[in-house]
Amino acid sequence: MSFRQMEYLLAVVEEGSFTRAAQRLSVSQPALSHQIRALERYVGHPLLERLPDAVRLTPMGRAYLPHAIAALHSAEEAAHVARPRGEMTRIGLRIAALYSIALGIIPPAILKWRRRYPDSHVELLEFGNSADLANLMSAGGIDVAVSAAPLHWDGPVRTLGREELVVVLAKDDPAAAGRRQVRLAELASRPWVLYTPDNGLAGVVAQACSTAGFIARPAVHTHHTSTAVQLAAAGLGPALVPRNMIEADFGGVQLEPDPPVHRELVAFTTTAEVPHISAFIDILAEHGAIRSRGPLASPEAVEDLPGVGDDEGFGVA
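Predicted, not measured: the structure shown is a model, and the values here were computed from it.

Cut-offs and rules
- Each chain has its residues counted from 1, running along the sequence as written.
- Under the rules for a predicted model, residues below a pLDDT of 70 receive no local features and side-chain atom pairs below 80 are neither given nor counted, while totals for whole chains, interfaces and linings still include all residues.
- Water and hydrogen atoms play no part in the side-chain values, which are based on all heavy atoms of the structure.
- Only DSSP runs of H or I with at least four residues qualify as helices, and only runs of E with at least two residues qualify as strands; both kinds are numbered from the N terminus onward.
- Burial status follows relative accessibility: with a 1.4 Å probe on protein chains alone, a residue under 20% of its type maximum counts as buried, one over 50% as exposed, and anything between as partly exposed.
- Contact between two residues is taken to exist if any of their heavy atoms lie within 4.5 Å; hydrogens are not considered.
- Here the accessible surface of atoms and residues is derived via Shrake-Rupley with a 1.4 Å probe, and residues count as covered only by protein chains that are part of the display.
- Salt bridges are defined as contacts in which a side-chain nitrogen from Lys or Arg sits within 4 Å of a carboxyl oxygen from Asp or Glu.
- Each cavity reported here is a set of points on a 1 Å grid over the protein atoms alone in which a 1.4 Å probe fits but cannot get out, each pocket an open set with protein on both sides within 12 Å along at least five of seven lines, and each lining residue one with an atom within 4 Å of a point.
- Grid points are joined across faces, edges and corners, and a volume is the space filled by probe spheres set on the points.
- Each residue is assigned to one of three groups, with Ala, Val, Leu, Ile, Met, Phe, Trp, Tyr, Cys and Pro labelled nonpolar, Asp, Glu, Lys and Arg labelled charged, and all others, Gly among them, labelled polar.
- Interaxial angles span 0 to 180 degrees and are taken between N-to-C directions of axes, which are lines fitted to C-alpha atoms, for helices over the stretch in contact.
- Here the word oblique covers every angle except those under 35 degrees (roughly parallel), over 145 (roughly antiparallel) and from 65 to 115 (roughly perpendicular).

### What about the overall build of the chain?
Inference 1: If you tally the helices and strands in the chain, you get 11 helices and 13 strands.
Inference 2: Looking at the 317 residues of the chain, the share that counts as buried comes to 48%.
Inference 3: Summarising the internal contacts of the chain: among those between residues at least 6 apart in sequence, 75% fall at separations of at least 24.
Inference 4: By element, 51% of the accessible surface of the chain is carried by carbon and sulfur atoms, the whole surface being about 14,900 Å².

### As for the pattern of salt bridges
Inference 1: Within the structure shown, the criterion is met by 12 salt bridges.
Inference 2: A salt bridge links Arg62 to Asp132; its shortest N-O distance comes to 3.0 Å. Highlighted residues: Arg62 in helix α4 (residues 59–81) and Asp132 in helix α7 (residues 130–138), separated in sequence by 70 residues.
Inference 3: Judged by its relative accessible area of 12%, Asp132 is buried.
Inference 4: Via salt bridges that share partners, Glu14, Glu15 and Arg24 belong to a single interconnected network.

### Some thoughts on empty space enclosed by the protein
Over the atoms a probe the size of a water molecule is rolled, and this reveals where empty space is left.
Inference 1: Scanning the model with the defined rule gives 1 cavity of 30 Å³ or more in all.
Inference 2: If you add up the space inside the largest cavity, you get close to 50 Å³.
Inference 3: Forming the boundary of the largest cavity are Leu57, Arg62, Leu65, Pro66, Ile69, Phe127, Asp132 and Leu136.
Inference 4: Breaking the lining of the largest cavity down by element, the ones donating at least two residues are α4 and α7.
Inference 5: If you tally residues by element for the lining of the largest cavity, the top one is α4, at 4 residues.
Inference 6: Residues that form the lining of the largest cavity fall into these classes: 6 nonpolar, no polar and 2 charged.

### Considering α7
Inference 1: Listing the buried residues of α7 in full gives Ser130, Asp132, Leu133, Ala134, Leu136 and Met137.
Inference 2: One or two residues past the end of α7 sits Gly140, with phi positive at roughly 80°.

### Here we look at the packing of helix α2 (residues 18–25) against helix α3 (residues 29–43)
Inference 1: In contact at an axis separation of 9 Å, α2 and α3 are set at 105° when each is read in the N-to-C sense. Viewed along their axes, α2 and α3 adopt a mutual orientation that is roughly perpendicular. Within the contact between the two elements, α2 uses Phe18, Thr19, Ala21, Ala22 and Leu25 and α3 uses Gln29, Leu32, Ser33 and Ile36.
Inference 2: When the residues that make up the contact of α2 with α3 are grouped by side-chain class, the tally is 6 nonpolar, 3 polar and no charged.

### Concerning the layout of surface pockets
Inference 1: Estimated volume of the largest pocket: approximately 640 Å³.
Inference 2: If you go around the largest pocket, you meet 28 residues; those closest to its centre are Ala54, Val55, Arg56, Asp198 and His223.
Inference 3: Of all elements in the fold, only α1 (3–15), β2 (55–57), α4, β4 (121–127) and β9 (217–222) reach the threshold of two or more residues within the lining of the largest pocket.
Inference 4: It is β2 that contributes the most residues to the lining of the largest pocket, 3 residues altogether.
Inference 5: Residue composition of the lining of the largest pocket, by class: 11 nonpolar, 10 polar and 7 charged.

### Quick notes on the environment of Ala170
Inference 1: In this fold, Ala170 is placed in strand β6 (residues 157–170).
Inference 2: A relative accessible area of 7% places Ala170 in the buried class.
Inference 3: Once the C-alpha coordinates of Ala170 and Val253 are considered, the two residues, 83 residues apart in sequence, prove to be 5.9 Å apart.
Inference 4: Once you skip the residues sitting within four places of it in the chain, Ala170 turns out to touch Ala176, Ala232, Ala233, Gly235 and Val253.

Below, the structure written as structure tokens:
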């Protein structure tokens, strides 16, 4: 087993494809596949499930990945400590976030943070659900996680606010003509653009549609939230997506769902006492495109907040 094999595994998971991972790593796809198979032989179990149009972690892969990331970061920190003292001025920040948050609210916070720490290094990892973030944090692989509320977390948690979701339709969709809101029940007979189960928004959409009295029928399932926006704008069906990540010129129409759909977002970490980590969380709350709701709280206080502590972090108001 080698650090390179762990890096290759992480690249495949992040890209969701052997082809894209090989391009990113500047290696051939056969060489990448060979290294992943060698790692799986060493571990003794398959880590990746090869599907016709996607790659996803097996249960063993989900358990193994946080420890692989932690090992990679430990090696990086060891190399940093071994440098001459005069070179040890660079601050590192390791962030993990849900896909929609990484696209929507994280970028302005990182920009502001780097203005404060211009020589800093930021690493951003993206995942589909909150449980993966909590596992990665527990393994020591990241400094701060931004997600829907984790199910079980004993460290400091700061509630950032509500992530509002909107309905995306094609510009020429009759349901979008001359209106700003749409009742989800009006779209019950339509095929929808839905999320694969490993995306935390899948549960949000299912709950919202259930509250409206129907089960959404899929036109297509997608792993990435940004792809759902484009598929819905192209006319494949309505999609519920976070408002924060929609570009002004995305090519479709966004309507407010009636009743509103949201989920609570939080930042959590293992300690609130590291200055640069606390500074990033403060900046995220202030500049992350959603309203801040106060300082880092105890897990007990967070459990009492509306919409926090459920399996998918969803709420329908």
